Every structure is written in C-alpha cells, then in structure tokens.
Amino acid sequence: MTLKNKLAAQRIYILLGALFITSLVVSNLIFQKFFYWYPIDIEIFGNKLFEISVGILPYPMTFLITDLISEIYGKKRANDIVVVGIFSSIFSLLIIYMADSVPATSWSYVKDDTFKTVFGNSMIAVFASMLTYLFAQFVDIQIYHFWKNLTKGKHLWLRNNFSTWFSQFVDTFTIVFLLCSFGIIDWANFKGLLVSGFLFKVIIAACDTPFLYLGVFLFRKRFNLKVNEEIDLL
C-alpha cells in the first residue's frame, strides 16, 4: 500500500474513532430518559415492549464501528479504540463531577437541583457503564475474530451478528443489574428492561448488517483489499 493510501486509511480510522467515542460518551449522558416504542401490544415481565433508555440509541453504533475496524484494521486497532473510549468516559465523568460540585448563581437558568437530577446519577451510571462496556466490547472483538478466523474471512453476517448478540446480552444484563443495585432503577423493572433492551439491540444488530457490508465493500474497493486482508497502519 502506498504512503498516500496509508495516510487516507489513518484519517478514516481517526474519524471512526471520533464517532465511536462520541456515541459512547453521549449514551452515558442521556441514559436517564426512557422512551417507548410499541410495535406490538405485548408486556414482558410487567413492562411493555419496548420501554428502554434513550442511551441505547447511540450505543449499538459503537459495536458497528468496532466490527468495521476489526474487519479492516484488525484486532489490535479495535482494542485500541475500546481503551480510548474508556479514558474518554473517565474524563467525561470527572467533568460532570466538577460541574456538579460548583454552586449555581442565583440567575443561572439551570439550577443545582435540576443539574443534579439530570446529571447527578451519571457518575454512578458511567462507572457502571464503563465496567460493562469494557467487558462487552472485548468480548465482541474476541468472538468476532474467532468467527473471522474460523470462516477465513467469509460469512461477514455471521460474525457480525453472533459477536454483537452475545456481547450485547452481557452488556444489557450487567448494566441493568448494576443500575438496580445502585437504586437508580427499581428491581421490579429488571426482567422487563433486560428483555426489552436485549431484543431491541438484536433488532438493531440485524439492521446494521447491510451497513457493515457497505462499509467493508467501500474499504476493499478504495484500498484494493482482498477477502480477510487487513490494513496495517504502521
């Protein structure tokens, strides 16, 4: 690969990393709002399908990006992005803590109690999310490359969905369990949120498969890559 192509590949890698970090940090900041989507009238463990946190909306994007990076740039580069995401979450947690600690002025549009209601639980949530996210993302990357090596780079849909489904279940179970343990969510909603969250992520994973195929196709065409060939940025 020419130096020009390597520089182009590096710029795209940085852009994907920026999208990944943005999706991760935003999902940690907006998680306290819950929304509903009722495609069918059904209840699961007392919760209607689907009643889920808005934080789940950008979160699946992180798994799509790590799968794309895993496919094109390799396992090490995908793990590097995950580690950077952890540091970004910690940094955002520190900023929230400092902002919550300083007193609001009498004329401030956002008062202390309002800020605390919106962001006060974020410190606990981000900490819980970091633990689950770190584990789930590394699980996703490990399973992805297991199937990639087993199929010799073929059947992209298989490794994309299998790795995401398993890691998303681990992530959903752990985060809901921790949030219930911290008292942010009532234990009565545990089963319903677990099933709704996981099923929603399964649907999203199935829907993002064409986008992964498109991304891989564009990369291979742009950089003239063969099946199972990865870009070495070094």
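Scroll up for the structure.
Residues numbered from 1 in each chain as written. Predicted model: local features only at pLDDT ≥ 70, side-chain atom pairs only at ≥ 80, totals over all residues. Heavy atoms only, no water.

Quick word on the packing of helix α1 (residues 3-29) against helix α2 (residues 59-72)
Relative to each other, α1 and α2 sit at 155°, their axes nearing to 8 Å. As summarised for this structure, α1 and α2 are arranged roughly antiparallel, according to the angle between their axes. Pair α1 / α2 crosses with left-handed handedness. Touching Y13, L16, L19, F20, S23, L24 and S27 of α1 are Y59, M61, T62, I65, T66, L68 and I69, all from α2. Here the contact of α1 with α2 is built from residues that sort into 10 nonpolar, 4 polar and no charged. (Axes fitted to C-alpha atoms, helices over the stretch in contact; angles between N-to-C directions. Helix = DSSP H or I, 4+ residues; strand = E, 2+ residues; numbered from the N terminus. Parallel < 35°, antiparallel > 145°, perpendicular 65-115°, else oblique. Left-handed = near helix turned anticlockwise from the far one by under 90°. Contact = heavy atoms within 4.5 Å. Nonpolar A, V, L, I, M, F, W, Y, C, P; charged D, E, K, R; others polar.)

Section: α1
Over its 27 residues, α1 extends 39 Å from the first C-alpha to the last, a length consistent with the 39 Å expected when each residue adds 1.5 Å. Buried residues of α1: N5, A8, A9, Y13, L16, G17, F20, S23, L24, V25, S27 and N28, and no others. (Expected span 1.5 Å × (residues − 1). Buried < 20%, exposed > 50% of the residue type's maximum accessible area, 1.4 Å probe, protein only.)

Focus: the packing of α2 against helix α3 (residues 75-101)
Put simply, α2 and α3 touch, their axes get as near as 7 Å, and they point 150° apart. When the axes of α2 and α3 are compared, the pair comes out roughly antiparallel. Counted together, T66, I69 and S70 of α2 and K75, R77, A78, I81 and V82 of α3 form the full contact between these two elements. Residues that form the contact of α2 with α3 fall into these classes: 4 nonpolar, 2 polar and 2 charged.

Quick word on the packing of aromatic side chains
Enumeration according to the criterion identifies 15 aromatic pairs in this entry. Where F35 meets F200, the ring centres are 6.4 Å apart and the plane angle is 80°; that geometry is what we call edge-to-face. Placement of F35 in strand β1 (residues 34-36) and of F200 in helix α7 (residues 190-223) is noted, with a sequence separation of 165 residues between them. Considering the side-chain rings of W187 and F190, the 5.6 Å spacing of their centres and the 45° angle between planes classify their relative orientation as tilted. In textbook terms, an aromatic cluster arises when at least three aromatic residues are bridged by ring pairs, as seen for F169, F173, F177, W187, F190 and F198. Looking at R77, its charged tip hangs above the ring of Y13, at a distance of 5.6 Å from the centre. Over the ring of F223 we find R222; its NZ or CZ atom is 4.8 Å from the centre of that ring. (Phe/Tyr/Trp six-rings, centres within 6.5 Å; stacked < 30°, edge-to-face > 60°. Lys NZ or Arg CZ within 6 Å of the ring centre and 35° of its normal.)

Topic: the nonpolar core
Judged by nonpolar contacts, the single largest core of 30 residues is most densely connected at I69, I72, Y73, F219 and I231. Of all elements in the fold, only α1, α2, α3, α5 (122-150) and α7 reach the threshold of two or more residues within this core. Here this core gets 7 residues from one element, more than from any other, and that element is α2. The residues contacting I72, other than those within four sequence positions of it, are V216, F219, L225, E229, E230 and I231. Counting residues in hydrophobic clusters, the runner-up holds 9 residues, among them V176, C180, I185 and L193. (Core = buried A, V, L, I, M, F, W, Y, C linked by side-chain atoms within 4.5 Å.)

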